[in-house]
Amino acid sequence: MRRPAAATKIRLWHMLAAGLAYALLTALSVPPVGFWPLALVAPLPLIWAATIPGRVSTLGATALSIGTLPVWAYTHMFLINVTPAGYPLLCLYLSIYPALFVALHRALRKRVGGVPTALTAPLVWVLIELFRGEIGLTGYPWYLAGQPIIEQPTLASPATLGAIYLVSALVVAIGGALADSAGWTGRPRKLGGISAAGVAVAWTLAIIAARWGGSPATEPARVAIVQTNLSQDNKVGWTTTERVNDFRRFLELTRQAATRTPPPDVIFWPETMFPGEALNPVALDTQRAAQESGLAIPLEKPLLGPEGELIRSVPLSGFADELLRRQKALGVPMVVGAIAIEGLRYVEERPGAWRSAHDRRYNSVFVLADGRVDPARYDKLDLTPFGEVIPYAWRSAALQEQLLNLGATGMSFNLSHGSGPRAISVPVKRATGGLSLGSIVVASPICFEVTKPITCRALAVGVPGLRAGMLFNPSNDGWFADYPGREVHLQLARWRCAELGLPMVRAVNTGLSCIIDRRGRVLELGPQGADRPARSDGVLAGSVPIVPSGASTLFARWGLWPLFVLLAITTAIIAVWKPIELKMRASKAVI
């Protein structure tokens, strides 16, 4: 009896090339190159490695991972200045997932046999994307398979049913159909053609279904965005003297925004550009009480005041008091990114030397109206991994501090997670089109949060009776410096609009500030009159079509459950495919 021949081992350089080809096609499909059609073929090298007959050794899987590293290293170069130790570790982390897809898909096909790759590949791929995007390292949903498709809003519209992950499934399903058509899987090539037709029909039906959902955007609000241009290196070491000078520039831009014709209904500031210690009313009351005892913030270098007087210090609440005075005089509500502090107190360390202490600090969004700070604020829920918190290690302050000293010296991770999702209400007094808006309910994912589908959905619809009519994304993209990243961050933000059927205003330090419609299309980009949309300051003004009844897409109402149902149906089809196929073969043999 002849023993079956051992499976041919796939060569290491083939696996290395497959990993590099996948990562390179992915990188070219997203900004700054942004040739989105490449997204439709980017998964093919990995699907080839996951289906081609032969044996993939552990060394081969490692070679595939190594092949992706140069591209991950390029796309994440901005981390060099943020966390030199974390930069290579994140690149290594991302390189694991392509090899994981190949290993899991080959294991699945070994069990189920001749199931079309258009079914097996998207199932495995999307399960991995869900883990990477929502769970691993608290979630990192960058460079997903479907990401570039937002450049074609019609093709991206199935996101209203199952978020970006459903579009990724459709993209990978096309790759699976092409793999069958190419004969890589050993199945009849006509099976690939049938699969491709099936994917096209499924995508078309999803587009049609997406058009049924969502609420119409009927009431436009006029907005003005202040884009600041403070480099992150400067902000990390932001001296009081620099704060005063920068604050003067921010106030001048705000005046320019408020005096536009026609005037805006709301003015938006970027994330944490308020230069004071805190902006929540309780903390401000503490500051005002302390400064009555003579406490003040000394300037490193004296400055001239508006009347030519020499200023040597700033009152503890000076930044907030001046901002509120200006806001009241301009008469336009403002939405501002700032720090909130609970339990603020001032401790005397020695005679004449004081320091501030606190119980908790939050990265927050505030509404300013009629010269007052609304106590109802939003505190950031999903802190940026390695930028504001070290995943998992944050539960131990001592461990996080040790890791911080090792990999990100000079940074301070002292923010707390917000207690829960909260939308904010912005008063609007102007009558628009004969109808008074009264107020605009705003969901405000801060910076990195806008890349997370589940987080943004929770903010938009998670508060009973307060469904958001628009999204506001305050961000500080100074972290990217001159490296790639701003455009990718914007592209991810556009997906949240497509998923929830809501428009978005982005106010971003160093750019890219913009206005996005409910389908994910950029309507206005960058400060008007500036030489470039990024690395410049200025004012962007425009009109945002508010959704009065709030987000109402299928994803907004049900979250990822529709996607889970589709994955369960796909799993069931795969499970019964082989027994049915065997029975059909047996019937043919009898005939």
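Our structure is the block above this text.
The text that follows walks through the structure, step by step, so that each part is easy to find. In this text the structure is predicted, and so the values were computed from the model without any measurement. All residue numbers refer to positions counted from 1 along the written sequence of the respective chain. Two thresholds apply to this predicted model, a pLDDT of at least 70 for residue-level local features and 80 or more for giving and counting side-chain atom pairs, whereas whole-chain, interface and lining totals are computed over all residues. In computing side-chain values, all of the structure's heavy atoms are included and hydrogens and water are not.

Another point: the overall build of the chain. Secondary structure elements follow DSSP: runs of H or I no shorter than four residues count as helices, runs of E no shorter than two count as strands, and numbering proceeds from the N terminus. From N to C terminus, the chain includes 18 helices and 17 strands. Throughout this description, buried means an accessible area under 20% of the type-specific maximum (1.4 Å probe, protein chains only), exposed means over 50%, and partly exposed covers the range between. Out of the 591 residues belonging to the chain, those deemed buried represent 54%. Looking at the chain alone, contacts between residues at least 24 apart form 73% of all its contacts between residues at least 6 apart. Contacts: residue pairs with any heavy atoms within 4.5 Å of one another.

Here the focus is the pattern of salt bridges. Any Lys or Arg side-chain nitrogen located within 4 Å of an Asp or Glu carboxyl oxygen qualifies as a salt bridge. By the definition in use, this model includes 16 salt bridges. Between Arg249 and Asp537 there is a salt bridge; the shortest N-O distance is 2.9 Å. Placement of the pair is Arg249 in helix 11 (residues 240-258) and Asp537 in the loop between strand 16 (522-525) and strand 17 (538-546), with a sequence separation of 288 residues. Judged by its relative accessible area of 34%, Arg249 falls in the partly exposed class. As a salt-bridge pair, Lys452 and Asp382 come within 2.7 Å of each other at their nearest N and O atoms. Of this pair, Lys452 sits in the loop between strand 12 (435-443) and helix 15 (453-461) while Asp382 sits in the loop between strand 10 (378-379) and helix 14 (397-407), placing them 70 residues apart in sequence.

Turning our eyes to something else, we now look at the pairing of strand 16. Within a regular beta strand, the side chains point alternately toward one face of the sheet and then the other, so they alternate between its two faces. Strand pairing is assigned whenever DSSP detects at least two bridges linking the two strands. Pairing between strand 15 (residues 514-516) and strand 16: three bridges, direction antiparallel. The residue of strand 16 that forms the bridge with Cys514 is Leu525. As consecutive antiparallel partners, strand 15 and strand 16 are separated by five residues, and within that stretch Gly520 has a phi angle of approximately 90°, a positive value.

We call a set of buried residues a nonpolar core when its members are Ala, Val, Leu, Ile, Met, Phe, Trp, Tyr or Cys and they connect through side-chain atoms within 4.5 Å of each other. Counting 78 residues, the largest nonpolar core has Tyr165, Phe268 and Leu500 as its most contacted members. No other element matches helix 8 (residues 159-181), which puts ten residues into this core. If near-sequence neighbours (up to four positions away) are discounted, Phe268 is found in contact with Val223, Ala224, Ile225, Val226, Val335, Met470, Phe472, Val505 and Ala507. One finds Ala49, Phe78, Phe101 and Ile128 within the second-largest nonpolar core, a separate group that totals 43 residues.

This paragraph deals with unusual backbone geometry. Residue Pro262 is bonded to the preceding Thr261 through a cis peptide linkage, with omega at -5°. For Pro262, the location among the structural elements is in the loop between helix 11 and strand 2 (266-268). A positive phi is found at Tyr143, a non-glycine position, where the angle reads about 60°. With relative accessibility at 4%, the residue Tyr143 sits in the buried group.

Turning our eyes to something else, we now look at helix 16 (residues 486-500). To estimate how far a helix should reach, multiply one less than its number of residues by 1.5 Å. Between its first and last C-alpha, helix 16 extends 22 Å over 15 residues, near the 21 Å set by a 1.5 Å rise per residue. Across the 15 residues of helix 16, 14 count as buried, placing the element largely inside the fold. Positioned one or two residues after helix 16, Gly501 has a phi angle of 70°, which is positive.

What follows concerns the packing of aromatic side chains. Pairing of aromatic side chains requires ring centres within 6.5 Å, counting the rings of Phe and Tyr and the six-membered ring of Trp. Pairs whose planes differ by under 30 degrees are stacked, by over 60 edge-to-face, and all others tilted. Under the defined criterion, the tally for this structure stands at 13 aromatic pairs. The interplanar angle of 75° and the centroid separation of 5.9 Å between the aromatic rings of Tyr22 and Trp125 together place this pair among those described as edge-to-face. Separated by 103 residues along the polypeptide, Tyr22 in helix 1 (residues 12-29) and Trp125 in helix 6 (residues 117-134) bring together distant segments of the chain. Residue Tyr22 is classed as buried on the basis of its relative accessible area, which comes to 7%. Residue classification places Trp125 among the buried positions, given a relative accessible area of 6%. Residues Tyr93 and Tyr97 carry aromatic rings whose centres are separated by 5.2 Å and whose planes lie at 85° to one another, so their mutual orientation is edge-to-face. Linking Tyr93 with Tyr97, this pair stays in helix 5 (residues 86-112), spanning four residues, or about one helical turn. In terms of burial, Tyr93 and Tyr97 fall into one category: buried.

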